[in-house]
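Listed below, chain by chain, are the residues.
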Amino acid sequence: MATSKRTTVPAIRDHCLAVPGSSSAGSSSAAQPLVMVTAYDAPGARIADEAGVDMILVGDSLAMVVLGYEDTLQVTVADIAHHTAAVARARPSALIVADLPWMSYHISVEETVRNAAELIRAGAQSVKLEGGRKRLPMIEALISAEIPVMGHLGLTPQSLHAMGGYKVQARKSEAALELLADAKALQHAGCFSIVLEGVPDEVARMVTESLDIPTIGIGAGRQCDGQVLVFHDLLGLEDRVPAKFVRKYASLKSDAVVAVRQFAEDVRSGCFPDDSESYHLSEQQAEALSLYGSQPS
Ligand code: KIV
């Protein structure tokens, strides 16, 4: 669905209505699945946008993949705003979604709206937050302040300690039904889309088929209305063994090491820079300079 025009929140929200009677990416008559990728800076946003993605997520994965923290709990609203502004400066046609970091929407409705507004002013068109029914007062306040909200259910990395690790969620039928109730409540509150992370394929399908708004999966099988991956994971910008659900489309870390090693070798052997990579004086200026006793080479 990517075009040169700016993708809007209503276009994403109404994605499932694009083909009447369809809300499942698994169905042959379904609209084309939505594509979201994370980006944290202007070059990343340009790459994602030229590749034709529908949405760019300035995720709190920023903490781990860019800022070198152990988990996502360390990033602040200021960090996300700084990187959202960089993404926005690339002027992508993809919709920009910015993550509300941990503790930016947990304390009060007022703080939630103020923090989300900072991300919108930085250039996001919408915000994403984690959690189900217990987040409803915050979600409702954001929506009534005209700030579009994407939900995030299942494995919610900001609940790392409460979950006891990064574990697939909703493996039992009771938990799956709780997740479905959360998803319906988020839709009813006005969320335009919901990320489903780390849940069994069957659960993602049940939720997807029960909603009119699109689900975007990560580690949630192929039945969602769209998929999201982390930029650095899909490009292989790190050596670490990726999670089961990551498909690596390139190995840019090893390509980058080869390139930088070659640069180091060229500097040390004296073959960088060469003549064509250097600036030169005109003959007249070189001659004038040599009159002062210095002989440019
Ligand atoms: O922060 C992030 O990258 C995310 C995606 C994994 C959905 O929330």
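That block above? That's the structure.
Residues numbered from 1 in each chain as written. Predicted model: local features only at pLDDT ≥ 70, side-chain atom pairs only at ≥ 80, totals over all residues. Heavy atoms only, no water.

Asks: Outline unusual backbone geometry, listing residues and values.
Replies: Pro273 follows Phe272 through a cis peptide bond whose omega is -5 degrees. With respect to the secondary-structure elements, Pro273 resides in the loop between α11 (252-268) and α12 (283-291). Not every positive phi belongs to a glycine, and Arg91 is a case in point at roughly 50 degrees. Within the fold, Arg91 resides in the loop between α4 (77-89) and β3 (95-99). With relative accessibility at 72%, the residue Arg91 sits in the exposed group. (Helix = DSSP H or I, 4+ residues; strand = E, 2+ residues; numbered from the N terminus. Buried < 20%, exposed > 50% of the residue type's maximum accessible area, 1.4 Å probe, protein only.)

Asks: Would you mind going over the packing of helix α5 (residues 109-122) against helix α6 (residues 136-144) in detail, with residue names and values included?
Replies: Relative orientation of the contacting elements α5 and α6 amounts to 50 degrees, with a least axis distance of 9 Å. For the element pair α5 / α6, the angle class is oblique. Here the hand of the crossing between α5 and α6 comes out right-handed. Contact with α5, carried on its side by Val109, Thr112, Val113 and Ala116, involves Pro137, Met138, Ala141 and Leu142 of α6 and no other residues of that element. Residues of the contact of α5 with α6, tallied by class, amount to 7 nonpolar, 1 polar and no charged. (Axes fitted to C-alpha atoms, helices over the stretch in contact; angles between N-to-C directions. Parallel < 35°, antiparallel > 145°, perpendicular 65-115°, else oblique. Left-handed = near helix turned anticlockwise from the far one by under 90°. Contact = heavy atoms within 4.5 Å. Nonpolar A, V, L, I, M, F, W, Y, C, P; charged D, E, K, R; others polar.)

Asks: Talk me through the site of the ligand; I want residue IDs and the actual numbers.
Replies: For the ligand, the full set of nearby residues is Thr38, Leu57, Gly59, Asp60, Ser61, Asp99, Lys128, His152, Ile218 and Val230. Between the ligand and Asp60, the relevant distance is 3.0 Å, taken from an oxygen atom to a side-chain nitrogen or oxygen of the residue. Between the ligand and the protein, one listed contact pairs an oxygen atom with a side-chain N or O atom of Asp99 at 3.2 Å. When the free accessible area of the ligand is taken as 260 Å², the share hidden by the protein chains comes to 95%. Tallied by class, the residues present in the shell around the ligand amount to 3 nonpolar, 4 polar and 3 charged. (Near = heavy atom within 4 Å. Polar contact = N/O pair within 3.5 Å; in protein donor to acceptor, adjacent residues only side chain to side chain. Areas by Shrake-Rupley, 256 points an atom, 1.4 Å probe, with all protein chains shown as cover.)

Asks: Would you mind going over the pattern of salt bridges in detail, with residue names and values included?
Replies: With the rule as written, the count across this model stands at 6 salt bridges. Arg133 is paired through a salt bridge with Glu178; the nearest N and O atoms lie 2.6 Å apart. Of this pair, Arg133 sits in the loop between β4 (126-128) and α6 while Glu178 is found in helix α8 (residues 173-189), placing the two residues 45 residues apart along the sequence. Assessed through its relative accessible area of 35%, Arg133 is described here as partly exposed. Taking the shortest distance from any N to any O, the salt bridge between Lys253 and Asp239 comes out at 2.7 Å. In this pair, Lys253 is assigned in helix α11 and Asp239 in the loop between α10 (231-234) and α11, connecting sequence segments 14 residues apart. On the accessibility criterion, Lys253 (25% relative accessible area) is partly exposed. Residue class for Asp239 comes out exposed when judged on its relative accessible area of 56%. One salt-bridge network, in which partners are shared between bridges, spans Arg133, Glu178 and Asp182. (Salt bridge = Lys/Arg side-chain N within 4 Å of Asp/Glu carboxyl O.)

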